[in-house]
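Listed below, chain by chain, are the residues.
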Amino acid sequence: MNDTNVKKKIVVAIDGPAASGKSTTARLVAKKLGYLYIDSGAMYRAVTLLALRKNIPTTDFDKVAQLAESAVIQFKMEGGELRTFLNGEDVSQEIRSPEVTKEISPVAANPRVREILVAKQREMGKEGGIVMDGRDITTVVFPDAELKIFMKASAEERARRRVKELAERGIQADFDQVLKEIIRRDEADSTRAHGPLTQAPDAVVIDTTNLSIEEQVERIYKLALEKVQDC
Ligand code: DC
């Protein structure tokens, strides 16, 4: 029997820097495997949005941690897209706003927020059959995941992709500005004390600079099938 549905359902953990193509790739890999897809970055974004709405400074660690504790964050697939719900409200669009992106770093650096969100993420993946992407999924959330992937691409290529993606949504963005923001977030993500972006020693590294989304998906899907066969 080689049907993945009757085999053990594994955890596929994917990390990488901002705009490395993780989310699209992870979502498509999950679809092919018949697994659940969880975008862990959307959870940090949802907490940031909640703080902005309540006028709580994102640097107020205690108050933001309380928000993270009380927030109900859920995901649903609708028409092939992952929708993020915050306390029952669909916030999928709003969490991608430049205001949220600008304010997210102190929230992601908040150790209590990380503890709370990591616990929620582990709960979501405890039965396996999940693809989760983020910054600390291979190192902190699921260090024992059957398949760990680290996706990377040059900052310039990531900025190009982000500008294109924004243009497709009708937003005109300046390449230099986007590149600067990506480099700033790389720095913040890799240097924070808790859950920094690091490459797990046993992660498979995929440089996507010259790969299409289809090629990335195919590579990870094949690796996942091999792991499923091994289980
Ligand atoms: O993947 P993204 O750009 O939507 O993530 C937004 C921010 O959330 C990112 O700058 C760092 C943070 N993040 C994190 O700290 N840990 C994760 N597992 C996922 C995202």
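Here the structure is a predicted model, which means the values were calculated and not measured. Per chain, residues are indexed from 1 in the order of the written sequence. Residues qualify for local features only when their pLDDT is at least 70, as the model is predicted, and side-chain atom pairs are given and counted only at 80 or more; totals for whole chains, interfaces and linings, by contrast, use all residues. Water and hydrogen atoms play no part in the side-chain values, which are based on all heavy atoms of the structure.

K.L.:
Please clarify how the packing of helix H2 (residues 40-53) against helix H4 (residues 98-108) should be interpreted in this entry.
P.N.:
When two helices pack together, their arrangement is given by the angle between the helix axes and by the axis-to-axis distance. The angle between two axes is taken between their N-to-C directions and runs from 0 to 180 degrees, where each axis is a line fitted to C-alpha atoms and a helix contributes only its stretch in contact. Only runs of H or I of at least four residues qualify as helices and only runs of E of at least two qualify as strands under DSSP, and these elements are numbered from the N terminus. It is the contact of H2 with H4, at a shortest axis distance of 9 Å, that shows an interaxial angle of 105°. Viewed along their axes, H2 and H4 adopt a mutual orientation that is roughly perpendicular. Contacts between H2 and H4 involve Tyr44, Arg45, Val47, Thr48, Leu49 and Leu52 from the first element and Glu99, Val100, Thr101, Glu103, Ile104, Val107 and Ala108 from the second. For this classification, Asp, Glu, Lys and Arg are treated as charged, while Ala, Val, Leu, Ile, Met, Phe, Trp, Tyr, Cys and Pro are nonpolar and the rest, including Gly, are polar. Here the contact of H2 with H4 is built from residues that sort into eight nonpolar, two polar and three charged. Should an angle fall under 35 degrees it is called roughly parallel, over 145 degrees roughly antiparallel, and 65 to 115 degrees roughly perpendicular, with every other angle called oblique. We call two residues contacting when some pair of their heavy atoms lies within 4.5 Å.

K.L.:
What's the story with the pattern of salt bridges in this structure? I'm lost.
P.N.:
A pair can form between side chains of opposite charge whenever their charged atoms are brought close. By convention in these notes, a salt bridge is any Lys or Arg side-chain nitrogen within 4 Å of a carboxyl oxygen on Asp or Glu. Per the stated rule, a full pass over the model turns up 22 salt bridges. Where aspartate 186 meets arginine 158, a salt bridge forms, and the shortest distance between an N and an O atom there is 2.8 Å. Of the two residues, aspartate 186 sits in helix H8 (residues 175-191) while arginine 158 sits in helix H7 (residues 155-168), which places them 28 residues apart along the sequence. You'll find aspartate 186 and arginine 158 in the same group, each marked buried. Glutamate 181 is the partner of arginine 184 in a salt bridge, and the nearest nitrogen-oxygen pair spans 3.0 Å. In this pair, arginine 184 and glutamate 181 are both assigned in helix H8, three residues apart and thus about one turn of the helix distant. Per-residue accessibility, obtained with a 1.4 Å probe over protein chains only, is compared with the maximum for each type, and a residue is labelled buried under 20%, exposed over 50%, and partly exposed between these values.

K.L.:
Sorry, what's going on with the environment of alanine 203 here?
P.N.:
Examined against the element boundaries, alanine 203 turns out to sit in the loop between H8 and strand S8 (204-207). With 58 residues separating them in the primary sequence, alanine 203 and alanine 145 have C-alpha atoms 9.9 Å apart.

K.L.:
Before we go on, may I ask you to explain the sheet that holds strand S6 (residues 130-134) in this structure?
P.N.:
As a general point, the strands of a sheet are linked pairwise by backbone hydrogen bonds and lie either parallel or antiparallel. With parallel pairing, five strands are arranged side by side in an open sheet as S2-S6-S1-S7-S8. Two strands in the sheet have a free side with no partner beyond their single neighbour: strand S2 (36-39) and S8. With strand direction ignored, the average angle separating the axes of adjacent strands in the sheet is 20°. Packing of H2 onto the sheet brings it into contact with S2 and S6, and relative to S2 it is tilted by some 45°. Paired strands are those between which DSSP finds at least two bridges.

K.L.:
Which parts of the structure should I look at to understand the site of the ligand?
P.N.:
Only a single heavy atom is needed: when it lies within 4 Å of a molecule or strand, its residue is near that molecule or strand. Close to the ligand lie 16 residues, the nearest being Arg45, Arg114, Asp136, Arg185 and Arg192. Polar contacts, as counted here, are pairs of nitrogen or oxygen atoms within 3.5 Å of one another; within protein the pair requires one atom able to donate a hydrogen and one able to accept it, and residues that are adjacent in sequence qualify only if both atoms are side-chain atoms. Aspartate 189 places a side-chain nitrogen or oxygen 3.4 Å from an oxygen atom of the ligand. Coverage of the ligand by the protein amounts to 97% of the 450 Å² it exposes when considered alone. Mapped onto the shell around the ligand, the elements with two or more residues apiece are H2, H4 and H8. Here the shell around the ligand gets four residues from one element, more than from any other, and that element is H2. Here the shell around the ligand is built from residues that sort into four nonpolar, three polar and nine charged. All accessible-area figures derive from a Shrake-Rupley calculation using a 1.4 Å probe, and residue coverage is judged against the displayed protein chains alone.

K.L.:
Help me out: how do you make sense of the packing of aromatic side chains in this one?
P.N.:
Working definition: an aromatic ring pair is given by the centre-to-centre distance plus the angle between the planes. Between the rings of Phe, Tyr and Trp (Trp by its six-membered ring), a pair exists once the centres lie within 6.5 Å; its type follows the angle of the planes, with under 30 degrees stacked, over 60 edge-to-face, and the other angles tilted. The final tally for this structure, using the stated rule, is zero aromatic pairs. Throughout this description, the term charge over a ring refers to an Arg CZ or Lys NZ atom that lies within 6 Å of the ring centre and within 35 degrees of the ring normal. The ring of tyrosine 221 is capped by lysine 32, whose NZ or CZ atom sits 4.8 Å from the centre of that ring. Above the ring of phenylalanine 85, the side-chain terminus of lysine 76 is found at 4.3 Å from the ring centroid.

K.L.:
Teacher, can you tell me more about the packing of H2 against helix H3 (residues 61-70) here?
P.N.:
Following both chains from N to C, one finds H2 and H3 inclined at 120°, their axes separated by 10 Å at the closest point. When the axes of H2 and H3 are compared, the pair comes out oblique. Considering how the two elements wind past one another, H2 and H3 form a crossing that is right-handed. Of the residues in H3, those in contact with Val47, Leu50 and Ala51 of H2 are Val64, Leu67 and Ala68. A clockwise turn of the near helix away from the far one marks a right-handed crossing, whereas an anticlockwise turn of less than a right angle marks a left-handed crossing.

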